[in-house]
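These are the residues of each chain, in order.
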Amino acid sequence: MTAVFHDLTPGIRRVSVRFGDRWLELPDGMTLAAALLAAGVSTFRRTPASGAPRGPFCMMGACHDCLVLIDGERVQACMTEVRDGLEADPAGGGA
Ligand code: FES
């Protein structure tokens, strides 16, 4: 998976985060959306009507295109900080 975005924090502590079926080493404290984008993840959820892939757009909590599931709750990845052991899944359709 090739990242479109560059990681600007190569020296920061990294922690283990699961997204879907992959475990990733992501920068501790970075927003989950930024960290996943830098890791090459671009599809965070799919639309209910067509199943089209959606990913972060605004990065400030307004668009809801970055929704993921954490502990069964839909949360905005751009408003969620990376922490060790965080487990997230792509959200289904809807906002
Ligand atoms: S990217 Fe828009 S709400 Fe998260």
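## A few points about the overall build of the chain
- Within the chain one finds one helix and seven strands.
- Along the chain, helices and strands appear, N-terminal first, in the series β-β-α-β-β-β-β-β.
- Taken along its principal axes, the extent of the C-alpha atoms in the chain is 40 × 25 × 25 Å.
- A burial count over the chain gives 35% of its 95 residues as buried.
- Looking at the chain alone, contacts between residues at least 24 apart form 44% of all its contacts between residues at least 6 apart.
- Accessible surface computed for the chain: about 5400 Å², of which carbon and sulfur atoms make up 54%.
- Charge separation in the chain, taken as the distance between the mean sites of 9 positive and 11 negative side-chain charges, equals 6 Å.

## Notes on the nonpolar core
- Grouped together as the largest cluster of nonpolar side chains are 20 residues, with contacts concentrated most on L26, L32, L36, F44 and V68.
- Contributing elements (two or more residues each) for this core: β1 (14–19), β2 (22–27), α1 (32–38) and β5 (67–70).
- Setting aside residues up to four positions removed in sequence, L32 forms contacts with V17, L26, V68, I70, A77, T80, V82, L86 and A88.

## Side note on the pattern of salt bridges
- Summed over all chains, the structure comprises five salt bridges.
- Of the charged contacts, one joins D89 and R18 as a salt bridge, the two residues approaching to 2.8 Å between their closest N and O atoms. In this pair, D89 sits in strand β7 (residues 87–90) while R18 sits in strand β1, placing the two residues 71 residues apart along the sequence.
- For D65, the salt bridge identified is with R54, shortest N-O distance 2.8 Å. Linking D65 in the loop between β4 (53–54) and β5 with R54 in strand β4, this pair joins segments that are eleven residues apart in sequence.
- Residue classification places D65 among the buried positions, given a relative accessible area of 9%.

## Thoughts on unusual backbone geometry
- At H64, a position not held by glycine, the phi torsion is positive, near 65 degrees.
- In this fold, H64 is placed in the loop between β4 and β5.
- For H64, a relative accessible area of 31% gives the class partly exposed.
- Even without glycine at this site, D71 takes up a positive phi of about 55 degrees.
- By relative accessible area, which is 69% here, D71 ends up exposed.

## So, the pairing of β2
- Judged from the six bridges that link them, β1 and β2 form a sheet pairing that is antiparallel. Across the sheet, V17 pairs through a bridge with L24, a residue of β2.
- Taking the residues that link successive antiparallel strands as the turn, the β1-β2 hairpin has two residues, and the phi of G20 there is positive, at about 65 degrees.

Quick notes on the rules
- Residues numbered from 1 in each chain as written.
- Predicted model: local features only at pLDDT ≥ 70, side-chain atom pairs only at ≥ 80, totals over all residues.
- Heavy atoms only, no water.
- Helix = DSSP H or I, 4+ residues; strand = E, 2+ residues; numbered from the N terminus.
- Buried < 20%, exposed > 50% of the residue type's maximum accessible area, 1.4 Å probe, protein only.
- Contact = heavy atoms within 4.5 Å.
- Areas by Shrake-Rupley, 256 points an atom, 1.4 Å probe, with all protein chains shown as cover.
- Lys, Arg positive; Asp, Glu negative; His and termini not counted.
- Charge placed at Lys NZ, Arg CZ, Asp CG, Glu CD.
- Core = buried A, V, L, I, M, F, W, Y, C linked by side-chain atoms within 4.5 Å.
- Salt bridge = Lys/Arg side-chain N within 4 Å of Asp/Glu carboxyl O.
- Pairing = 2+ DSSP bridges.

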